[in-house]
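Summary of the model geometry
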Amino acid sequence: MLQSQLSNTEPNQNGSYPPPPEYPNGSGSVDIQQELNRLEDLILDGLRIPLTGRTLVDEEILLEQLDFIRLSLPSVFQEAAAILEQKEEVLLEAEEYGQQIVEAAQAKRAQILAESDITKQAQREAEELRQQVQKECEAMMQETLTEIELKRRACQQELEEMRKTAIAQAQEIENGADEYADSVLEGIEQDLQDMLRIITNGRQQLRADSPSSKRK
């Protein structure tokens, strides 16, 4: 680097610094503060005139140092401009990155809010569905109980009708049995009466035919 070359260069025998191998033309990097310090050293190291407060400085060396500084300034300005431009680019990138972070945060916030709204909507729909199912179950249970009660009453009525029918049929059967038994007994009675008449007639006939009856 040109800076290190100038810093390590010693003055010539005549006290002047040798010219640098390459003056800065915008492609090198020069420490202006160091060169100004070198200029100050040239002045301080000069021959002081007693009682005057003045110092003798080699004009040629001083001019060479000033020329070097003057030629180095454009490079330094370009480097400073490049640094400023780079700084602006870094700031722009940082601003863009910050904007991206803000947008990402806003998007995440919107996503969280959307998910929260979806969760709340799902909970509301689940609650509505639960209430609807509960109402349907209660309605079905009430309908089932009503149907069971109707069937119970129908069965009870049918059983009552069957009981009445059975009693009527039993009464009819009982009445028919009595009539049948009466007719059978009547027939037996008639047969017995006929047999008794026959017996009576037979005995009378026997009595009429006996010898004792004839003697009388």
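Keep in mind the model is a prediction, meaning the values are calculated, not measured.

Rules of the game
Residues numbered from 1 in each chain as written. Predicted model: local features only at pLDDT ≥ 70, side-chain atom pairs only at ≥ 80, totals over all residues. Heavy atoms only, no water. Helix = DSSP H or I, 4+ residues; strand = E, 2+ residues; numbered from the N terminus. Buried < 20%, exposed > 50% of the residue type's maximum accessible area, 1.4 Å probe, protein only. Contact = heavy atoms within 4.5 Å. Patch = residues over 30% accessible without salt bridge, like charges linked within 9 Å, V, L, I, M, F, W, Y side chains within 5 Å. Areas by Shrake-Rupley, 256 points an atom, 1.4 Å probe, with all protein chains shown as cover. Salt bridge = Lys/Arg side-chain N within 4 Å of Asp/Glu carboxyl O. pLDDT = per-residue confidence, 0-100. Lys, Arg positive; Asp, Glu negative; His and termini not counted. Charge placed at Lys NZ, Arg CZ, Asp CG, Glu CD. Polar contact = N/O pair within 3.5 Å; in protein donor to acceptor, adjacent residues only side chain to side chain.

**Observations concerning the overall build of the protein chain**
Scanning the protein chain for helices and strands turns up 4 helices and 2 strands. The helix and strand sequence of the protein chain, counted from the amino end, reads α-α-β-β-α-α. Each of the 216 residues in the protein chain was classed as buried or not, and the buried ones make up 9%. Within the protein chain, contacts between residues at least 6 apart in sequence are counted, and of these 61% link residues at least 24 apart.

**What to know about a nonpolar patch on the surface**
Where nonpolar side chains cluster on the molecular surface, the patch consists of Tyr180, Val184, Leu185, Ile188, Leu192, Met195 and Ile199 and spans about 700 Å² of accessible area. Relative to the helices and strands, leucine 192 is located in helix H3 (residues 59-209).

**Observations concerning the pattern of salt bridges**
Under the criterion given, the structure shown has 8 salt bridges. Measuring nitrogen to oxygen at the nearest pair gives 2.6 Å for the salt bridge that ties glutamate 127 to arginine 130. Here arginine 130 and glutamate 127 lie together in helix H3, a separation of 3 residues that amounts to about one turn. Across the salt bridge formed by arginine 197 and aspartate 194, the nearest N and O atoms sit 2.5 Å from each other. Of this pair, arginine 197 and aspartate 194 are both found in helix H3, 3 residues apart, which corresponds to roughly one turn of the helix.

**Side note on the confidence of the model for the protein chain**
Low pLDDT marks regions whose predicted coordinates should not be analysed in detail. Predicted confidence across the protein chain gives a mean pLDDT of 78, with 82% of residues reaching 70 or more. Mean pLDDT values for the elements of the protein chain range from 36 in helix H1 (residues 2-7) up to 85 in H3. Long-range and interchain partners of residues 1-27, a stretch whose pLDDT sits below 50, account for 45 contacts in this model, where long-range means more than four residues apart.

**A few points about a negative patch on the surface**
A cluster of acidic side chains, namely Glu85, Glu88, Glu89, Glu93, Glu95 and Glu96, defines a negative patch on the protein surface. Tracing the sequence through the fold places glutamate 96 in helix H3. Accessibility expressed as a relative area gives 44% for glutamate 96, which makes it partly exposed.

**Describing the side chain of glutamine 65**
As for its position among the elements, glutamine 65 is in helix H3. On the basis of relative accessible area, glutamine 65 is assigned to the buried category, the value being 6%. A polar contact of 2.9 Å, which involves the side chain of glutamine 65, links it to the side chain of glutamate 35. When residues no more than four places from it in sequence are discounted, the contact partners of glutamine 65 are Glu35, Arg38, Leu39 and Leu42.

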